[in-house]
Amino acid sequence: MLLKVSSSVATPLSSISPLSWRPRPLPFIRNPILFALPFQSPSPRSLSACSITESSGDLSVTEHSKTAPLKPGLYLVGTPIGNLEDITFRALRVLRSANVILSEDTRHSGKLLQHYDIKTPLMSYHKFNESQREHTVLKRLKEGEIVALISDAGTPGISDPGTEMAKLCARENIPVIPIPGPCAVVAALSASGLNTEQFTFVGFLPKHSGMRRERLLISASQATTQIFYVPPHKLLQFLEEACSIFGDSRRCVIAREITKIHEEFWRGTVLEAKEAFLVRQPRGEITVLIEGKTNCAEEAPSDAQIEKELGRLISSGHSLSAAVKMVSEATSVRKKTIYTLALQKFGNKPEEEDENIGR
């Protein structure tokens with residue numbers, strides 16, 4: 001798309017300070033004569049969700065996209081994770097054109113809609129009322145309505161409500177249309193300085209300590225960058241557990257308040273992170289990234305360490321064979337060696353459970 005900016009009207013982007021949820025107008029969005037490309041304020045439901053097409057190597061706005069109505073369906077709309085400038089033109093069009101907007105927190109989302117003068121009605125939709133809302137929303141979709149779904153911030157369905165509704169629509173052959181936008185995991189990874197070719201997004205860890213440790217053991221054994229969402233009041237607990245499982249020397253990045261005024265990227269080892277955040281209580285949304293397991297030779301744990309971990313797993317309810325498998329995946333020690341130690345320490349098991357050990 002070729003856009004010509006009028007220097008007499010445009011405000012330099014560099015002069016615009018970062019925005020949070022402050023209700024301040026954005027001159028480069030609200031001013032209708034900023035772009036030389038003709039653009040008129042559309043009537044509701046008059047714009048297509050697809051606004052750009054590729055023609056002869058150039059990007060140009062199609063005439064069809066400016067006049068064709070949005071097709072009925074569920075639109076998963078990405079919204080800013082802190083800075084209101086991060087919303088897309090397409091997201092605004094869909095939110096204005098929808099019959100209803102499903103919102104995780106209507107009061108929170110109301111500020112975003114008010115900022116952009118969007119009058120579309122809101123309907124609460126969160127993890128506590130998903131099942132109750134399904135019938136009502138599905139009925140409206142089958143009647144041909146346009147339903148937009150947003151979370152408090154970021155992309156719906158990514159550690160936020162939206163997954164169940166998308167599944168339901170897919171089963172009912174109702175179109176599910178993604179409207180890409182901000183996502184904390186992608187933003188954090190892109191600026192982390194860690195490997196971005198392969199990564200594992202874990203999200204929030206389980207509340208139960210045993211299940212949490214199991215997930216961390218799996219993550220520690222993987223070669224991909226591991227990404228977690230961590231509540232600020234649980235960051236120190238997370239780092240202490242990560243130290244005991246990942247080891248002290250793994251590199252990590254703690255991304256906090258991404259896109260907001262107090263954005264911070266802390267970099268160091270897991271041990272350094274634990275020491276640093278022992279004396280400070282962070283605020284805001286936190287994304288933690290830990291580098292994947294390297295192929296270089298690592299110091300094998302001692303027999304005593306292996307027995308201690310086996311004992312902890314077995315006492316928490318795991319079978320001996322399951323505990324052996326988990327310890328094997330988290331270390332460089334052969335499964336057969338670990339199983340031999342387990343038998344010596346914790347006794348024999350029935351043959352049917354032993355036959356797969358060592359394979």
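Remember, predicted model here, so these are calculated numbers, not experimental data. (Residues numbered from 1 in each chain as written. Predicted model: local features only at pLDDT ≥ 70, side-chain atom pairs only at ≥ 80, totals over all residues. Heavy atoms only, no water.)

Enquirer: I'd like a description of the overall build of the protein, backed by residues and values.
Expert: When helices and strands are tallied, the protein shows 14 helices and 12 strands. Out of the 359 residues in the protein, the part that is buried amounts to 40%. Pairs at least 24 apart in sequence give 69% of the contacts found in the protein among residues at least 6 apart. (Helix = DSSP H or I, 4+ residues; strand = E, 2+ residues; numbered from the N terminus. Buried < 20%, exposed > 50% of the residue type's maximum accessible area, 1.4 Å probe, protein only. Contact = heavy atoms within 4.5 Å.)

Enquirer: Give me the lowdown on the pairing of strand β12 (residues 286-290), citing residues and values where you can.
Expert: Burial analysis of β12 places five of its five residues in the buried class, which makes it a mostly covered element. Of the strand pairs in this sheet, strand β9 (residues 225-230) and β12 are connected by five bridges, and their pairing is antiparallel. From the neighbouring strand, Ile227 faces β12, where its bridge partner is Leu289. Alignment of strand β10 (residues 251-256) against β12, held across five bridges, turns out to be antiparallel. Across the sheet, the residue bridging to Ala255 is Thr287, located in β12. (Pairing = 2+ DSSP bridges.)

Enquirer: Which residues make up the state of the cysteines, and what values go with them?
Expert: One pass over the structure, following the stated rule, counts zero disulfides. In this structure Cys243 is not part of a disulfide, and its nearest cysteine sulfur, from Cys252, lies 8.4 Å away. (Disulfide = S-S within 2.5 Å.)

Enquirer: A description of the sheet that holds strand β7 (residues 176-179) should follow, citing residues and the corresponding values.
Expert: Backbone hydrogen bonds are what pair the strands of a sheet, in a parallel or an antiparallel way. Ordered in space as β5-β4-β6-β3-β7, the five strands form an open sheet in which the pairing is parallel. Looking at the sheet topology across the chains shown, the edges are occupied by β5 (122-124) and β7. The mean inter-strand angle of the sheet, taken between neighbouring strand axes irrespective of direction, is 25 degrees. Pairing of strand β3 (residues 73-77) with strand β6 (residues 146-150) involves four bridges; the strand directions are parallel. Across the sheet, Gly73 pairs through a bridge with Ile146, a residue of β6. This element, helix α3 (residues 89-97), spans β3, β4 (100-103), β6 and β7 of the sheet and lies at about 135 degrees to β7. (Axes fitted to C-alpha atoms, helices over the stretch in contact; angles between N-to-C directions.)

Enquirer: So what about the sheet that holds β12? Which residues, and what values?
Expert: A sheet is described by the order of its strands in space; here five strands give the open sequence β8-β9-β12-β10-β11, paired in mixed fashion. At either end of the open sheet lies a strand with only one pairing partner, and these are β8 (199-203) and β11 (264-269). The sheet shows a mean angle of 20 degrees between the axes of neighbouring strands, direction not considered.

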